[in-house]
Amino acid sequence: MSVEKELALPAPAVTSSSSSPPSPLVLVVSGPSGSGKSTLVQRILELPGTMASVSCTTRPRRATEATGKCYDFVTEAQFDEMVRNGDFLEYARVFGKHSYGTPRKWLEESRKTGLDLVLEIDVQGALQVKKALPESVAIFILPPSREELERRLRSRGTDSEDEITRRLAKARAEISAFPSYDYCVLNEDVALAASEATAIVSALRCSTVRRQARVERLLASFGGKD
Ligand code: 5GP
């Protein structure tokens, strides 16, 4: 009797062939302005094996931003040309003002290098990515309360009163989209939220289907499967 039979192991839940390893993860992170998503995205990007998607935007560069690091800043005409060429995995007009889009080239780069791709985009964009790539994983970052969100927006000191009102109204609409996301991280304590966000990535990487090739190599080192 084989050991598997002796141990009464159930039938394998994964396929027996490891010929094509799964594509790298596509991690989509959204959350209202002031939810702290950029900090949490940075923490995810500190994990080895990840890469950032750099969005294109038509909004003007802020004094604190260097070209190419946060965004590729493009003109309306350049953006429209990219839309016409089908260069974007997703794109949207955010706050009804400026256009933002995720160039497909980052997905290609991720597949070429095997690095997990991290997108920090708004809800409209996340829904488009989920539609185009149903296997992508969407993580929503939530503020602990409306009051705390408002306090954080005010403490940044960068937005006008109108802008704060608009961001709070948008936050409500965005939070309502939470059922479309696979995970929700509540950012009350940033260290805890960061450990939850990185734990999600670690757990995804440990899934049986992602570990299959590695386990098969391990089995082979035992002389192969029966
Ligand atoms: P900000 O201008 O403050 O950097 O970003 C405004 C909003 O645009 C944020 O919610 C941000 O996540 C979103 N955003 C940034 N890049 C993209 C993108 O490529 N696509 C979409 N749909 N939203 C984006």
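Above: the structure in question.
Residues numbered from 1 in each chain as written. Predicted model: local features only at pLDDT ≥ 70, side-chain atom pairs only at ≥ 80, totals over all residues. Heavy atoms only, no water.

Chemist: Give me the sheet that holds strand S7 (residues 116–120): which residues, what numbers.
Modeler: Spatially, S2-S7-S1-S8-S9 is the arrangement adopted by the five strands of the open sheet, whose pairing is parallel. Strands with a single pairing partner mark the edges of an open sheet, and in this sheet they are strand S2 (50–52) and strand S9 (183–186). If you compare each strand with its neighbour and ignore which way they point, the axes differ by 25° on average. Of the strand pairs in this sheet, strand S1 (residues 26–30) and strand S8 (residues 137–142) are connected by four bridges, and their pairing is parallel. (Pairing = 2+ DSSP bridges. Helix = DSSP H or I, 4+ residues; strand = E, 2+ residues; numbered from the N terminus. Axes fitted to C-alpha atoms, helices over the stretch in contact; angles between N-to-C directions.)

Chemist: Which residues make up the pairing of strand S5 (residues 88–94), and what values do they have?
Modeler: Across the seven residues that make up S5, a large majority, five, are buried. Across six bridges, S5 lies against strand S6 (residues 98–103) in antiparallel orientation. Within the sheet, the bridge partner assigned to Phe88 lies in S6 and is Pro103. Where S5 folds back onto S6 in an antiparallel hairpin, the turn is made up of three residues, including Phe95, whose phi is positive at roughly 60°. (Buried < 20%, exposed > 50% of the residue type's maximum accessible area, 1.4 Å probe, protein only.)

Chemist: Tell me about the site of the ligand, and please be specific about residues and values.
Modeler: For the ligand, the set of nearby residues contains 16 residues, the closest of which are Ser55, Arg59, Tyr71, Glu90 and Tyr100. Arg59 places a polar side-chain atom, nitrogen or oxygen, 2.6 Å from an oxygen atom of the ligand. Here Glu90 contributes a side-chain N or O atom positioned 2.7 Å from a nitrogen atom of the ligand. In the complex, the protein chains occlude 92% of the 520 Å² of accessible area that the ligand would expose alone. Listed by contribution, the elements that provide at least two residues to the shell around the ligand are S5 and S6. Among the residues making up the shell around the ligand, the classes are represented as six nonpolar, four polar and six charged. (Near = heavy atom within 4 Å. Polar contact = N/O pair within 3.5 Å; in protein donor to acceptor, adjacent residues only side chain to side chain. Areas by Shrake-Rupley, 256 points an atom, 1.4 Å probe, with all protein chains shown as cover. Nonpolar A, V, L, I, M, F, W, Y, C, P; charged D, E, K, R; others polar.)

Chemist: I'd love a proper account of the side chain of Lys170, names of residues and values included.
Modeler: Structurally, the position occupied by Lys170 is in helix H7 (residues 161–175). For Lys170, a relative accessible area of 18% puts it in the buried group. In this view, Lys170 contacts Val94, Phe95 and Asp122; residues no more than four positions away in its chain are not counted. (Contact = heavy atoms within 4.5 Å.)

Chemist: Give me the sheet that holds strand S3 (residues 55–57): which residues, what numbers.
Modeler: Hydrogen bonds between backbone groups are what pair the strands of a sheet, and the pairing can be parallel or antiparallel. Pairing is mixed in the open sheet, where four strands are placed in the order S4-S3-S6-S5. Every interior strand has two partners, whereas the edge strands, strand S4 (71–73) and S5, have only one. Across the sheet, the mean angle from the axis of one strand to that of its neighbour is 25°, orientation sign disregarded. Pairing geometry for S3 and S4, over three bridges, is parallel. Paired with Cys56 across the bridge in S4 is Asp72. Across the sheet, helix H3 (residues 76–84) touches S3, S5 and S6, and the angle it forms with S5 is around 140°.

Chemist: Lay out the environment of Asp87 with the relevant residues and their values.
Modeler: Its location among the elements puts Asp87 in the loop between H3 and S5. Overall, the relative accessible area of 30% leaves Asp87 in the partly exposed class. When the C-alpha atoms of Asp87 and Pro103 are compared, they prove to be 5.7 Å apart, with 16 residues separating the residues in sequence. Excluding residues that lie within four positions of it along the chain, Asp87 makes contacts with Met82, Thr102, Pro103 and Arg104.

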